[in-house]
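Letter by letter, the chains look like this.
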Amino acid sequence: MPKLESKQSNKVASGTLTKYSFPSTSLGGLTTNFNLFLPSSASSSSPVPVLLYLAGLTCNEDTGAQKGGFLLTAAKHGLAVVMPDTSPRGAEVEGEDEDWDLGSGAGFYINATADKWKKYRMYDLIVEELPKVLKEADLGLDLTRMSVFGHSMGGHGALMLYLRNPNLFKSASAFSPACNPSQTPWGKKAFNAYIQPCTRSSPPSEWLAYDSSRLLARSEIAKGDVHILVDVGTGDQFLKDGQLEPDALKEAAKENGRTQEEVQVRLQDGYDHSYYFISTFASEHVEYHANFLKA
Ligand SMILES: N[C@@H](CCC(=O)N[C@@H](CSC=O)C(=O)NCC(=O)O)C(=O)O
């Protein structure tokens, strides 16, 4: 197991925010960072549930910690918050720092299969390696009680990871997520590069395995057991540009026979895509997850 290096620690919300780094096997040996908020109640003898926050394009492990406004409510409920980076860094792929929506800061939480991007395996990092690393480090976390939330590209990540791993996560929520990435511009660009090129209107199964709307439409999670909350601002330019498509998620929920309580998709009047929107609804999302993590 890799050794965690503690890079910086700050007191916040009566707990501690620590930035850690470790060499990641999933990312081909590249060093990756994450932030961990530990409420003051956490200890090895009294481990706390874990909320995983996935940030969006151009962000990193600091974005949610600094701007999200999650930590006071997490502290109130005795929840840890783990905030990983959004992509490998320094993979030395040609062009990886040229586009804001591909390469560095744009890992899409998937496993790339194209040889050029072979170190871009954020899915394995989040689902397998990070939980193992956290368990091994014995930081006072109860990794049998985890939920996941995220923003935009990270909202796609949160929904997709939950729908693929309902035994790992108790619930998922998202601010302004890309709900149907196999059909929308950011997702198509990423999947074309990281997985395989596709010009057909019906994408290959390898793409669909990372598309939350498709995953929800085909979900075999027991009736009544899906726990998803989504908020999208009506003033969000990326919504208007067709990047988010929350209606696709609603349609998928209907197709799969889910109630509106299982899959709540809320349009919030006038809010945009920024962290002002996220921080406004941050507490509601943390409270939502606390219901399932502390049940
Ligand atoms: N092209 C711009 C926009 C980048 C941007 O809006 N990033 C969002 C996430 S978009 C979907 O994943 C974000 O969260 N930005 C951080 C923030 O603090 O708002 C650019 O390159 O700046």
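Residues numbered from 1 in each chain as written. Predicted model: local features only at pLDDT ≥ 70, side-chain atom pairs only at ≥ 80, totals over all residues. Heavy atoms only, no water.

What to know about unusual backbone geometry
Positive phi, close to 65°, is recorded for serine 14, a residue that is not glycine. Residue placement: serine 14 occurs in the loop between strand E1 (5-12) and strand E2 (15-23). One non-glycine residue with positive phi stands out, namely glutamate 92, at about 60°. Among the structural elements, glutamate 92 can be located in the loop between strand E5 (80-84) and helix H3 (122-137). (Helix = DSSP H or I, 4+ residues; strand = E, 2+ residues; numbered from the N terminus.)

Some details on the side chain of serine 182
By secondary structure assignment, the location of serine 182 is in the loop between strand E7 (172-175) and helix H5 (185-194). The buried category is assigned to serine 182, whose relative accessible area is 3%. Side-chain polar atoms of serine 182 contact the side chain of aspartate 211, separated by 2.6 Å. Residues in contact with serine 182, not counting those within four places in the same chain, are Lys188, Phe191, Pro203, Trp207, Leu208 and Asp211. (Buried < 20%, exposed > 50% of the residue type's maximum accessible area, 1.4 Å probe, protein only. Polar contact = N/O pair within 3.5 Å; in protein donor to acceptor, adjacent residues only side chain to side chain. Contact = heavy atoms within 4.5 Å.)

Description of the nonpolar core
Core analysis: the biggest nonpolar cluster contains 74 residues, and Phe34, Leu36, Phe108, Leu141 and Tyr194 have the highest contact counts within it. Among the elements that line this core, the one with the most residues is H3, at eight residues. If we skip the residues at most four places from it in the chain, leucine 36 touches Thr16, Leu17, Thr18, Tyr20, Ala80, Val81, Val82, Leu139 and Leu141. Counting 24 residues, the second largest nonpolar core, distinct from the first, contains Ala74, Leu79, Met83 and Leu293. (Core = buried A, V, L, I, M, F, W, Y, C linked by side-chain atoms within 4.5 Å.)

Here we look at the confidence of the model for the chain
Taken residue by residue, the chain gives an average pLDDT of 97. The fraction at 70 or more is 99%. Overall fold confidence for the complex sits at a pTM of 0.98, while the interface term, ipTM, reaches 0.97. (pLDDT = per-residue confidence, 0-100.)

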